[in-house]
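Tertiary structure, described
What follows is the residue order along each chain.
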Amino acid sequence: MNDLESALAFSRYASRCLDAEPALRDELAATVDDVFAWTDAHATVDSAVSSGDAAALARALRRLRRRVFLHTLARDLSRRAALEEVVATMTTLAEIAVTAATRLHAAALAAVHGAPVGGDSAAAQELIVVAMGKLGGSELNVSSDIDIVFVYPEEGETTGAKPLSNREYFDRLGRRIATALADVDADGYVFRVDTRLRPYGESGPLTLSFAALEQYLVTQGRAWERYAWLKARPLTGSRHDELMALVTPFVYRKYLDYDAYDGLRGIHRQIREQSRRRDARDDVKLGPGGIREIEFVVQALQIVRGGREPALQVRGTLEALALLARRGTLDGHAVHTLEGGYRCLRTVEHRLQYRDDRQTQRLPDDRIERAALASSMNCTTVEAFDAELDGWRREVGRQFAAVFEAPEDPVDAGHTRGGYERLWDDPRPDAATLAWLGAEGYDDAEALVATLVQFRASPRYLQLPAPSRERVDRLVPAFLEAAAGQRSSIAPAGAIARRLLALLEAISRRSAYLALLVEHPPLLPRIAHLMGASAWAADYLTRRPLLLDELLDARVLLTPPDWDAWRRELGAAMSAVRGDAEASMDALRHFQHAQTFRLLAQDLSGQLSVERLADHLSALADVVLDATLRGCWALLQGDDALPPRFAIVGYGKLGGKELGYASDLDLVFLYDRDPDAAGDDPVQERYTRLVQRINTWLSSATAAGRLYDTDLRLRPDGAKGLLVSSLAAFERYQRHDAWTWEHQALTRARYVAGDAALGAAFEAVRDDVLRLPRDPAKLASDVIDMRKRMAAGHVNRTGSFDLKHDRGGMVDIEFAVQYLVLAHAHRHRELTRNLGNIALLEIAGNAGLVDAGIAHAAADAYREFRRLQHRIRLTGAAHARVDPLPQAARRHAVGALWTSVFGAGRDRLESTAGQRGDTRHVDG
């Protein structure tokens, strides 16, 4: 059905209109190739409003509605308009009609009773017509009613000679608006109006003040009303932000709202029961696999996740579906099903309504009507149409059932769970219980029983609300079985169980987290596996239970990092809370914690080498620092301010791209200034405030935790120096005043965030300074002296080998490499590249600065020491210390490197261990 005449012939309503007014046919022929032109329509409606003539406005709106309907019908049925254009056109018509009716009738009432003002503020009051449902989502169908709610800011009364209370004034105005749009006359109607979504429905007042609306939502708002208010969109009046500040917390909780599932599941049951009624079977909206099921799936996921992910707080179904797909909340098949089904069903719905301009979603029983419908959908037969439609509805129904399917009760899921349930109900250390636990894999059965007794008797458990305690009672047996299933030589079942119970205790007062675990039983073994793999990871998750959500989708969790995607994701999160310092700090923390947790999961699964993990953690810090800089600058200077001529330089682990999970950030801040400028520098004052703000954002503890510990003492003149330096001042200091240890630190420095040109200029300065000729003997003496100081500050009195600080360990390699860079970079420029110690040793060996075999052996030792250090840190140990005997050959290789570089310097290092000194500059 591509030609205009065939399109018009499909609609009996169109035929009646064109027979009554033949000029409309010529108008359609002239305009059908273009979207509807609103300019003349606006002028006609505005003229009617200005006249104050309600009858004239009624005629103008009804005639406009007829023209819009016919134009939309013609473009849609002739395949000139996509679904998005159709619904947008009808939405625009409704917005024009509501706004015009409100303006005219408000003026008419005010002429008699005066304008309404607030009783407390004396501020002028306007009626806010809130669009709900499809109008709120800007997806109105072609023959729809409109769902609206009337609100106003404050109680008070009008100022005229015949005053009314604001409630009575706005009630009258609301009734007039509804009548102006819905009354049927010779020209038809504009829109049927439904106001039943207001608080208390038909039994409630027609209009409410903000205070009354807030009171209702807080004290009586029900689950289905969150679903309804999700699409709320103010159309008229002002103070919209104030209104939405009341509505948004009702719809979206601040956290991942898995508590909502119980209420939403109840609505799901009602929808499914209604769809199974015989009279709903052929209803493309209310029937099984219909439009409402798609909308409900999308909006339910928005409600659950939208408070935590503000980007999901959108009103349109297709827009929300695209966002859910982009964020990985729904898989590709589900998205294809829901979007394809939505487009098909909405298109069928419109064709049903085009036929007679009737609000219907029912498929016709009549064979001739069905054939006409099939033809309008470009299907050659009724059977082909039915097959296509049934296919979409069947797949939609499966998705609807999958999302809201009640979770398997974790107590009933396993073959041994009954025993764990009995144990939790009555934990006694009798012989039979201990023997059973031993058979289940618990070597410390008596200790486990004691832990359970303590847990049950704890005030935290006893004081839980009944629903939360019920969830805990369901989860403990599941956790115990999961712990037994994940036991290993490095993590016995008892240790895993204690970590799981510590997590459960930490989240027990947050019902949403308990609901998350109950709703997703497959999470439990994943959590148990993580708890068994690393004590440090267990502690990280327990202190940040919001990360439980990250475990839901293993595919997303284990997807290799995409640094550009990281930047976009964090940029979107920061944009959503622009101007709010506290929310911005939390957004940074949520992002950093989530990405760190994903890297941790990939690390524990064996996907990442230590070196690759450090690269990712360093890149993550770069992204966070860049976003922090942008956010702080916008708050200090405004969103429209030019970017600062300012750069952040990373030293130590960050600079060397060797960052670990708990590493702090060594930072130096630079700005650009004319080197010939004299006197006070106001730019420096501004950038000093910026640095202070950045450091606060990074290091402050908020409800969401902490980002990073920072160390700013590597700046020129250390703790006594200025927080931020001009590049020229930094270069002068490095050339003329810096100590050798500061040049050692510079070997591991790099630009990480801020102005790229300034960053490149810093890298050039760094390169020049590192390539300055130096006296090798004095340099060796300075480096060895600093190594002595570090050794004295990290005395190891155990019999174990400290992988980092002991003789023959990592620091010896790092100091040797730093010496090689500073001593030889003036002849071997490639040594200034910030490639890491292993690559620099290879360069030095290839250049003949040390024996290639010695360099290779030391590099292998360094790689193994880092691997061992990382593995030990994942256990939560305070020091990375190991049995010295297996490391003897590697320590010898490191000693050979030290002797090759420094000669007799090793003896001098040994003889002075125990002295203390300032080691902040090189101790990464």
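Calculation notes
- Residues numbered from 1 in each chain as written.
- Predicted model: local features only at pLDDT ≥ 70, side-chain atom pairs only at ≥ 80, totals over all residues.
- Heavy atoms only, no water.
- Helix = DSSP H or I, 4+ residues; strand = E, 2+ residues; numbered from the N terminus.
- Buried < 20%, exposed > 50% of the residue type's maximum accessible area, 1.4 Å probe, protein only.
- Contact = heavy atoms within 4.5 Å.
- Areas by Shrake-Rupley, 256 points an atom, 1.4 Å probe, with all protein chains shown as cover.
- Lys, Arg positive; Asp, Glu negative; His and termini not counted.
- Charge placed at Lys NZ, Arg CZ, Asp CG, Glu CD.
- Arc of directions from axis to C-beta.
- Salt bridge = Lys/Arg side-chain N within 4 Å of Asp/Glu carboxyl O.
- pLDDT = per-residue confidence, 0-100.
- Core = buried A, V, L, I, M, F, W, Y, C linked by side-chain atoms within 4.5 Å.
- Pairing = 2+ DSSP bridges.
- Polar contact = N/O pair within 3.5 Å; in protein donor to acceptor, adjacent residues only side chain to side chain.
- Axes fitted to C-alpha atoms, helices over the stretch in contact; angles between N-to-C directions.
- Parallel < 35°, antiparallel > 145°, perpendicular 65-115°, else oblique.
- Left-handed = near helix turned anticlockwise from the far one by under 90°.
- Nonpolar A, V, L, I, M, F, W, Y, C, P; charged D, E, K, R; others polar.
- Phe/Tyr/Trp six-rings, centres within 6.5 Å; stacked < 30°, edge-to-face > 60°.
- Lys NZ or Arg CZ within 6 Å of the ring centre and 35° of its normal.

For the protein, the count of helices and strands is 41 helices and 14 strands. Taking the principal axes of the C-alpha coordinates as reference, the protein spans close to 110 × 85 × 65 Å. Within the protein, the fraction of its 924 residues that count as buried is 55%. Taking the intrachain contacts of the protein between residues at least 6 apart in sequence as the baseline, contacts between residues at least 24 apart amount to 74%. A total of about 38700 Å² of accessible surface is found on the protein, and carbon and sulfur atoms cover 50% of it. One way to put it: in the protein the 118 positive side-chain charges average out to a point 2 Å from where the 128 negative ones average out.

Relative to the elements of secondary structure, Arg748 occurs in the loop between helix H34 (740–746) and strand E12 (750–754). Overall, Arg748 belongs to the buried group, its relative accessible area being 12%. When residues no more than four places from it in sequence are discounted, the contact partners of Arg748 are Gly650, Tyr651, Gly652, Lys653, Gly655, Gly656, Glu658, Gln818, Asn834 and Asn837.

Moving on, we get to helix H9 (residues 210–220). Listed in full, the buried residues belonging to H9 are Phe210, Leu213, Tyr216 and Leu217. Angularly, the buried residues of H9 cover 130° about the axis, an arc narrow enough to put them on a single face. Among the exposed residues of H9, those oriented more than 90 degrees off its buried face are Ala211 and Val218. In this structure, the buried side of H9 is in contact with strand E2 (128–131), strand E3 (146–152), strand E6 (207–209), helix H10 (223–229) and helix H11 (240–251).

A separate point is the environment of Pro429. In this structure, Pro429 sits in the loop between helix H18 (417–425) and helix H19 (431–440). Taking the C-alpha atoms as reference, Pro429 lies 6.1 Å from Val449; in sequence the two are 20 residues apart. Beyond its immediate sequence surroundings of up to four residues, Pro429 is in contact with Leu434 and Val449.

Okay, the pattern of salt bridges next. One pass over the structure, following the stated rule, counts 58 salt bridges. Linking Arg67 and Glu27 is a salt bridge whose minimum nitrogen-to-oxygen distance equals 2.9 Å. One end of the pair, Arg67, is in helix H5 (residues 54–77); the other, Glu27, is in helix H3 (residues 23–31), with 40 residues separating them in the sequence. Relative accessible area serves as the criterion here: at 28%, Glu27 is assigned to the partly exposed category. Between Arg612 and Asp615 there is a salt bridge, with the nearest N and O atoms lying 3.7 Å from each other. Within this pair, Arg612 and its partner Asp615 are both found in helix H30 (residues 610–637), separated by three residues, close to a single helical turn.

We now examine the confidence of the model for the protein. Looking at the protein, pLDDT values average 90 and 94% of them are 70 or higher. Note on residues 905–921: pLDDT is under 50 here. Beyond four places in sequence and across chains, it has 41 contacts.

Let us now look at unusual backbone geometry. Positive phi values are uncommon outside glycine, yet Asn378 reaches one of about 65°. Take Asn378: it is sitting in the loop between helix H16 (367–376) and helix H17 (382–404). Despite not being glycine, Asp717 shows a phi value in the positive range, around 70°. As for its placement among the helices and strands, Asp717 is situated in the loop between strand E10 (710–711) and strand E11 (724–726).

Moving on to the nonpolar core. With 163 residues, the main nonpolar core has Trp229 and Phe646 as its most contacted residues. Among the elements that make up this core, the one with the highest residue count is H30 (12 residues). Among the nonpolar cores identified, the runner-up in size contains 64 residues, and Leu57, Ala60, Ala97 and Leu140 belong to it.

The element strand E9 (residues 665–671) is extensively covered by neighbouring structure, given that seven of its seven residues are classed as buried. Here E9 shows a buried face lined by Leu665, Leu667, Phe669 and Tyr671 and a second buried face lined by Asp666, Val668 and Leu670. Note: strand E8 (residues 646–651) against E9, six bridges, orientation antiparallel. Considered in E9, the bridge of Gly650 is made with Leu667. By the bridge criterion, three bridges tie E9 to E11 in an arrangement that is parallel. Among the inter-strand pairings, Leu670 is bridged to a residue of E11, identified as Ser725.

Right, let's talk about helix H26 (residues 535–543) for a bit. For the α-helix, the turn length of 3.6 residues means that residues three or four positions removed from each other point alike. Three or more residues of H26 are buried, namely Trp536, Ala537, Ala538, Tyr540, Leu541 and Thr542. Of the surrounding elements, those touching the buried residues of H26 are helix H23 (493–507), helix H25 (523–533), helix H29 (581–604) and helix H39 (852–873). Its side-chain oxygen at 3.2 Å from the backbone nitrogen of Trp536, Ser534 defines the N-terminal cap of H26.

A word on the packing of helix H6 (residues 83–113) against helix H15 (residues 332–356). Look at H6 against H15: their axes get within 11 Å of each other, and the N-to-C directions meet at 55°. Judged by the angle between their axes, H6 and H15 are oblique. In this structure, H6 meets H15 at a crossing whose hand is left-handed. On the side of H6, the interface is formed by Leu83, Glu84, Val86 and Val87, while H15 contributes Tyr342, Arg343, Arg346, His350 and Tyr354. Here the residues of the contact of H6 with H15 sort into five nonpolar, one polar and three charged.

Another point: the packing of aromatic side chains. Under the defined criterion, the tally for this structure stands at 22 aromatic pairs. Both rings, one in Tyr13 and one in Phe69, keep their centres 5.1 Å apart while their planes meet at 80°; by these two values the pair is edge-to-face. Residue Tyr13 is located in helix H2 (residues 12–20), and its partner Phe69 is located in helix H5; the two are separated by 56 residues in the primary sequence. Residue classification places Phe69 among the buried residues on the basis of a relative accessible area of 0%. Between Trp536 and Tyr540 the ring centres are 5.1 Å apart and the planes differ by 20°, which places this aromatic pair in the stacked class. Placement of the pair is Trp536 and Tyr540 together in helix H26, with a separation of four residues, close to one helical turn. A relative accessible area of 16% means that Trp536 is categorised as buried. One aromatic cluster is present, built from ring pairs that chain together Trp633, Phe646, Phe669, Tyr671 and Tyr687. Between Arg355 and the ring centre of Phe10, over which it is positioned, the NZ or CZ distance is 5.0 Å. Stacked on the ring of Tyr461, the Lys or Arg Arg469 has its end atom at 5.5 Å from the ring centre.

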